[in-house]
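# Topology and contacts: notes
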Amino acid sequence: RAMIARLSYVYPFAAATRRLAVRAATEVAHSQCNIAPLRVEAIPSSSLALPRFRGREAATSGTDVGTATHLALQYLDVARPCDRSDLADQLSALVERRLLGLQQAQSVDCAAIEWFLSTPLGQRVRQNVDHLQREWPFHLAMLEDVEDPSTDPLDATMVRGQIDLMVPTEKGLMLIDYKTDRLVGIAITARTADYAPQLAIYRQAIAAILNVEVAEAWLVFLNVRQMVAV
């Protein structure tokens, strides 16, 4: 009986052992809207591209384009004309300063950035160029609604993220999140719903850390030239 009791013992706090200490804000948002995580499957070695150190450039992925675009928007001087020619000059300067790689600069969609900065929303960004907060990192302790929820602050998960752009306005902060997704038609509505929990976390972080309310939040879909208020 003692042996059976030991072998059949169930730890009463097993669910708590699966609670993560740190999570990315995007991961938390995806779990809230039930987006399944990407599954990594075995890929035949013959289909893998050669690494860059072998002298051949690898194909630019969607993630690479997104990273390059966010870097460009982080460092671009939006007070300048920001037409196609000026953006090309600025990207070249960023490459020289080693803030962008050459292949990254080539993958940036200058036409999309020119479009955004010419919109009324983009003009508001340019008018506040001296007060912009770009790529603002944050860490926020959150009690998640997980398998074994807890109200103890010591059980909180440290959620970390990076906000693309915050613009001060008379009514409060304006939050802007850039997206480089290749979308068409009704997919924009669905994707907006997917990203809404992410922006909700951003709002919560700003209120908790800066003690400032977010007056408005925008998703800017650069590839399809659309902006959605969230």
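An account of the accompanying structure is given in this report. In this text the structure is predicted, and so the values were computed from the model without any measurement.

Bringing the overall build of the chain into the picture now. Summing up its helical and strand segments, the chain has nine helices and six strands in all. Buried positions account for 33% of the 230 residues belonging to the chain. Taking the contacts inside the chain whose residues are at least 6 apart along the sequence as the reference set, 70% of them involve residues at least 24 apart. Per element, the accessible surface of the chain, about 14,500 Å² overall, is 54% carbon and sulfur.

Another aspect to go through is the side chain of Thr-119. Locating Thr-119 in the fold gives a position in the loop between helix H7 (110-118) and helix H8 (120-127). At a separation of 2.6 Å, a polar atom in the side chain of Thr-119 contacts the main-chain carbonyl oxygen of Phe-116.

Right, let's get into the nonpolar core. By size, the foremost hydrophobic cluster in this structure holds 28 residues, and its most contacted members are Leu-91, Phe-116, Ile-176, Tyr-178, Val-220 and Leu-222. Here Phe-116 is in contact with Leu-121, Gly-122, Val-125, Ile-176, Tyr-178, Val-220, Leu-222 and Met-227, once residues within four sequence places are set aside. Counting residues in hydrophobic clusters, the runner-up holds 24 residues, among them Leu-140, Leu-173, Tyr-195 and Ile-201.

A few words now on the packing of helix H5 (residues 84-96) against H7. Look at H5 against H7: their axes get within 10 Å of each other, and the N-to-C directions meet at 120°. Helix-helix and strand crossings are classified by hand; for H5 and H7 the assignment is right-handed. Here H5 contributes Arg-84, Leu-87 and Leu-91 to the contact with H7, which in turn contributes Cys-110, Ala-111, Ile-113 and Glu-114.

A word on the pairing of strand E6 (residues 226-229). For strand E5 (residues 214-221) and E6, the ladder comprises four bridges, and the chain directions are antiparallel. If you follow Phe-221 over to E6, its bridge partner there is Gln-226.

Before going further, it helps to spend a moment on the side chain of Asp-86. With respect to the helices and strands, the residue Asp-86 is situated in helix H5. Taking the relative accessible area as the measure of exposure, Asp-86 reaches 8% and is therefore buried. At 3.0 Å, the side chain of Asp-86 forms a polar contact with the backbone nitrogen of Cys-82. With residues up to four places along the chain from it excluded, the contact list for Asp-86 reads Arg-80 and Pro-81.

For helix H9 (residues 187-210), with 24 residues, the first-to-last C-alpha span of 34 Å sits near the 34 Å given by 1.5 Å per residue. Helix geometry: H9 is bent most strongly at Tyr-195, by close to 35°, with proline Pro-197 lying one to four residues after it. Backbone geometry just downstream of H9 places Asn-211 in the positive-phi region, at approximately 55°.

The next thing to look at is H8. Of the residues making up H8, those classed as buried are Leu-121, Gly-122 and Val-125. The arc that holds every buried residue of H8, seen down its axis, measures 100°, which confines them to one face. Among the exposed residues of H8, those pointing more than 90 degrees away from its buried face are Pro-120 and Gln-127. Against H7, strand E3 (157-169), strand E4 (172-179), E5 and E6 lie the buried residues of H8.

For the rest of this paragraph, the subject is a nonpolar patch on the surface. Together, Tyr-9, Tyr-11 and Phe-13 give the surface a local cluster of nonpolar side chains, amounting to about 380 Å² of exposed area. Take Phe-13: it is sitting in the loop between helix H1 (2-7) and helix H2 (14-17).

Cut-offs applied
Residues numbered from 1 in each chain as written. Predicted model: local features only at pLDDT ≥ 70, side-chain atom pairs only at ≥ 80, totals over all residues. Heavy atoms only, no water. Helix = DSSP H or I, 4+ residues; strand = E, 2+ residues; numbered from the N terminus. Buried < 20%, exposed > 50% of the residue type's maximum accessible area, 1.4 Å probe, protein only. Contact = heavy atoms within 4.5 Å. Areas by Shrake-Rupley, 256 points an atom, 1.4 Å probe, with all protein chains shown as cover. Polar contact = N/O pair within 3.5 Å; in protein donor to acceptor, adjacent residues only side chain to side chain. Core = buried A, V, L, I, M, F, W, Y, C linked by side-chain atoms within 4.5 Å. Axes fitted to C-alpha atoms, helices over the stretch in contact; angles between N-to-C directions. Left-handed = near helix turned anticlockwise from the far one by under 90°. Pairing = 2+ DSSP bridges. Expected span 1.5 Å × (residues − 1). Bend = angle between axes of the 7 residues up to and from the residue. Arc of directions from axis to C-beta. Patch = residues over 30% accessible without salt bridge, like charges linked within 9 Å, V, L, I, M, F, W, Y side chains within 5 Å. Salt bridge = Lys/Arg side-chain N within 4 Å of Asp/Glu carboxyl O.

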